[in-house]
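Okay, here's what each chain looks like letter by letter:
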Amino acid sequence: MKQAHDPITRIELFPVFVPFQERVRQVLQGGTGKVAMGLDVDDHWLGGDFLVCRMTTENGVVGFGDVYVWLVESSTSPALMAEVIKTQLGRFVLGRSPFDRELIHQKFDNNVARNEMAKGLLDLALFDVAARSIGRPVHDLCGGQQTDRIPLSMVLPLTATDTILELVKAGMESGIKSFRCKLGDGRRRDVEIVSAVRDLIGPDAGLRVDYNQAYNPNEALECIEAIKPYCIDFAEQPVKADDFAGMAWVQSRTDVPLMAHEGCFGLRDMITLAEMGAVRTFGINPERPGGLTHALKAIDYAAARGIDVCLHNQPLGLGSAVILHTHAARARNIRNATELQGHTMLEHDLLRERITYEDGYAHLPDGPGWGVEVDMDAVDRYQTHPTVTIEA
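Each chain carries its own residue numbering, running from 1 in the written order of its sequence. Only residues with pLDDT of at least 70 are given local features in this predicted model, and only at 80 or more are side-chain atom pairs given and counted; all residues enter the totals for whole chains, interfaces and linings. The side-chain numbers reported here are obtained from all heavy atoms of the structure, hydrogens and water having been left aside.

**Thoughts on helix α3 (residues 78-87)**
Exposure classes here rest on a 1.4 Å probe applied to the protein chains alone. A residue is buried below 20% of its type maximum, exposed above 50%, and partly exposed in between. The helix count covers DSSP runs of H or I at least four residues long, the strand count covers runs of E at least two residues long, and both are numbered beginning at the N terminus. For α3, the set of buried residues is Pro-78, Met-81, Ala-82, Val-84 and Ile-85. End-on view of α3: buried residues confined to an arc of 165°, all on one side of the axis. Close packing links the buried residues of α3 with β1 (8-19), β2 (47-57), β3 (62-69), α5 (116-133) and β14 (388-391). What the arc covers is the set of directions going from the helix axis to the C-beta atoms. Note on definitions: a residue-residue contact is assigned when non-hydrogen atoms from the two residues lie within 4.5 Å.

In structure tokens, the structure reads:
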């Protein structure tokens, strides 16, 4: 292998758990099931598991990436991701330039099946290192900045209608103009929630729904058609994540655009769903399709096919910066408000300085790389397992 200019020489992985704020835990535990959404799981949702990656070059340039990991959806954990990076993926990064992302991804995919989030974590850190090495923000490596203010959408838990409306009022007071309702308690309850929220926010605000796989295809179609009069932007994951045929069946029978999330991890998943006519919106977390490299490909593919895009997650501050740079670099092809919930849910964002959120918008961080600085003291405070270090 040809020696890269200022190659990557060290990868460090930090598994962390950041609890939700107490008020968030109370709302979630007071809603449907254990997690205030349509998922039938056995454990309460008390916070977020993350894997933070610090990557260093021979000349001391340092970059970061992180991923939010929820075993219910991710099919992996921080420990499992750290293991596959340590034993398999890391060797394809060490000794290479941070600008060699396409070659690195080729090595990833030729040698390790799936594992998109582990690959994505390394990809995000490579972007940060590359951008910092030339003193530029990441969006400059992706075609440039198209906006510096990103509109936000607020996610609402599946809980008592009065509680939902209180949260909507607070969101409206902060300038939010788009809302996502968690649904899945049956047609009548779905209509009750959606009609109440639409009455409160008025006809011009955005309104989207998320079923979290609550229904079979017949139930999904019935429930989607029941809320169609309330001007729904899109309906997220109404059937099981792996039921691509069910998604296609429902989408062929409703004008409401469907969005896959739990069933939409790799770039190939997205293309398959689109070609089956199963979705009209891509739900993208930048780490899921294999990092920003593949997330940008997914957005560009969607634009060429006339498919909408929604960026969303409940990340730490670093992950929020990743999504904001992604949106800023492709703003003309993203008409849906972005969903960022971490700053309102988690008790710490693990940054030295918080990202600015005001008037229903997030401000694009300014500076090299992702434009934010990770607070390593906070990482140490929330770290759950020993650091995994891989060196050339």
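**Details of the environment of Gly-143**
Examined against the element boundaries, Gly-143 turns out to sit in the loop between α5 and β4 (149-156). Residue Gly-143 is classed as exposed on the basis of its relative accessible area, which comes to 74%. Taking C-alpha positions, Gly-143 is 6.3 Å from Ala-329, a pair spaced 186 residues apart along the chain.

**A few points about the sheet that holds β14**
Any two strands with at least two DSSP bridges between them are considered paired. Overall, antiparallel pairing links the four strands, which are arranged β3-β2-β1-β14 in an open sheet. Every other strand in the sheet has two partners, leaving β3 and β14 as the edge strands with one partner each. Between one strand and the next, the sheet's axes are offset by a mean angle of 15°, whatever the strand orientation. Of the strand pairs in this sheet, β1 and β2 are connected by eleven bridges, and their pairing is antiparallel. Counterpart to Glu-12 in the pairing with β2 is Arg-54. Across the sheet, α5 touches β1, β2 and β3, and the angle it forms with β3 is around 150°. For every element, the axis is a line fit to its C-alpha atoms; helices are fit only across the contacting stretch, and the angle between N-to-C directions ranges from 0 to 180 degrees.

**Some points on the side chain of Thr-254**
As for its position among the elements, Thr-254 is in the loop between α9 (244-251) and β8 (258-260). Judged by its relative accessible area of 6%, Thr-254 falls in the buried class. Polar contact is defined as a pair of N or O atoms within 3.5 Å, subject to the rule that within protein one atom must be able to donate a hydrogen and the other to accept it, and that residues adjacent in sequence are counted only when both atoms are side-chain atoms. A polar contact is formed between the side chain of Thr-254 and the side chain of Glu-225, at a distance of 2.6 Å.

**Considering the packing of helix α7 (residues 187-201) against helix α8 (residues 217-227)**
Two elements in contact, α7 and α8, have axes whose closest approach is 9 Å; the angle formed by their N-to-C orientations is 30°. When the interaxial angle is binned, α7 and α8 end up roughly parallel. As for how α7 packs across α8, the hand of that crossing is right-handed. Each of Arg-187, Asp-190, Val-191 and Val-194 in α7 lies in contact with α8, whose residues at this interface are Glu-222, Cys-223, Ala-226 and Ile-227. Classification used: nonpolar for Ala, Val, Leu, Ile, Met, Phe, Trp, Tyr, Cys and Pro, charged for Asp, Glu, Lys and Arg, polar for all others including Gly. Its residues assigned to classes, the contact of α7 with α8 comprises five nonpolar, no polar and three charged. In this scheme, roughly parallel covers angles under 35 degrees and roughly antiparallel covers those over 145, while 65 to 115 is roughly perpendicular and the rest are oblique. Left-handed describes a crossing whose near helix is turned anticlockwise from the far helix through less than a right angle; right-handed describes the clockwise counterpart.

**Overview of α7**
What a helix is expected to span follows from its residue count: subtract one and scale by 1.5 Å. Over its 15 residues, α7 runs 21 Å from end to end, which matches the ideal 21 Å to within 8%, given 1.5 Å per residue. Among the residues making up α7, those that are buried are Arg-189, Asp-190, Ile-193, Val-194, Ser-195, Ala-196, Val-197, Arg-198 and Ile-201. Downstream of α7 by a residue or two, Gly-202 has a phi angle that is positive, lying close to 85°.

**Looking at unusual backbone geometry**
A positive phi angle, close to 50°, is found at Arg-114, a residue other than glycine. Tracing the chain through its elements places Arg-114 in the loop between α4 (101-111) and α5. Residue classification places Arg-114 among the partly exposed residues on the basis of a relative accessible area of 46%.

**A look at the packing of aromatic side chains**
Pairing of aromatic rings covers Phe, Tyr and Trp, the last through its six-membered ring, and needs centres within 6.5 Å; plane angles under 30 degrees mean stacked, over 60 mean edge-to-face, and all others mean tilted. Inspection of every chain in the model, using the stated rule, returns five aromatic pairs. Their ring planes at 90° and their centres at 5.1 Å tell us that Phe-20 and Trp-45 sit as a pair that is edge-to-face. Here Phe-20 is found in the loop between β1 and α1 (22-29), whereas its partner Trp-45 is found in the loop between α1 and β2, with 25 residues between them in sequence. When sorted by exposure, Phe-20 lands in the same class as Trp-45, which is buried. Seen in terms of ring centroids, Trp-45 and Trp-70 are 4.8 Å apart; in terms of plane orientation they differ by 15°. Their pairing is stacked. One end of the pair, Trp-45, is in the loop between α1 and β2; the other, Trp-70, is in the loop between β3 and α2 (71-74), with 25 residues separating them in the sequence. An aromatic cluster of three or more residues is present, and its members are Phe-20, Trp-45 and Trp-70. Criterion for a charge above a ring: Lys NZ or Arg CZ within 6 Å of the ring centre, and within 35 degrees of the ring normal. When the ring centre of Phe-127 is taken as origin, the NZ or CZ atom of Arg-101, which lies over that ring, is 3.8 Å away.

**Here we look at the pattern of salt bridges**
A carboxyl oxygen of Asp or Glu within 4 Å of a side-chain nitrogen of Lys or Arg is what we treat as a salt bridge. Per the stated rule, a full pass over the model turns up 23 salt bridges. Across the salt bridge formed by Arg-180 and Glu-339, the nearest N and O atoms sit 2.6 Å from each other. Remark: Glu-339 occurs in strand β11 (residues 338-340) and Arg-180 occurs in strand β5 (residues 178-182); sequence separation between them is 159 residues. By relative accessible area, which is 6% here, Arg-180 ends up buried.

**A short note on the nonpolar core**
Put simply, a nonpolar core is a bunch of buried Ala, Val, Leu, Ile, Met, Phe, Trp, Tyr and Cys residues held in one set by side-chain atoms that sit within 4.5 Å of each other. Of all hydrophobic cores here, the largest spans 100 residues; its most connected members are Trp-45, Val-197, Val-209, Tyr-211, Phe-282, Ile-284 and Trp-370. Met-55, Met-81, Leu-121 and Leu-122 belong to the second largest nonpolar core, which has 30 residues in total.

**A look at the pairing of strand β9 (residues 281-284)**
Neither face of β9 is left uncovered, since the one carrying Thr-281 and Gly-283 and the one carrying Phe-282 and Ile-284 both have all their residues buried. The pairing of β8 with β9 spans two bridges and is classified as parallel. Within β9, the position partnered with Ala-260 by the bridge is Phe-282. The handedness of the β8 to β9 crossover, carried by helix α10 (residues 267-275), is right-handed. Here β9 pairs with strand β10 (residues 308-313) via four bridges, running parallel. From the neighbouring strand, Thr-281 faces β10, where its bridge partner is Asp-308. Taken together, β9, helix α11 (residues 292-305) and β10 constitute a β-α-β crossover, and its handedness is right-handed. Orient the strands so they point away from the viewer, and a crossover whose first-strand-to-second-strand path over the helix runs clockwise is right-handed.

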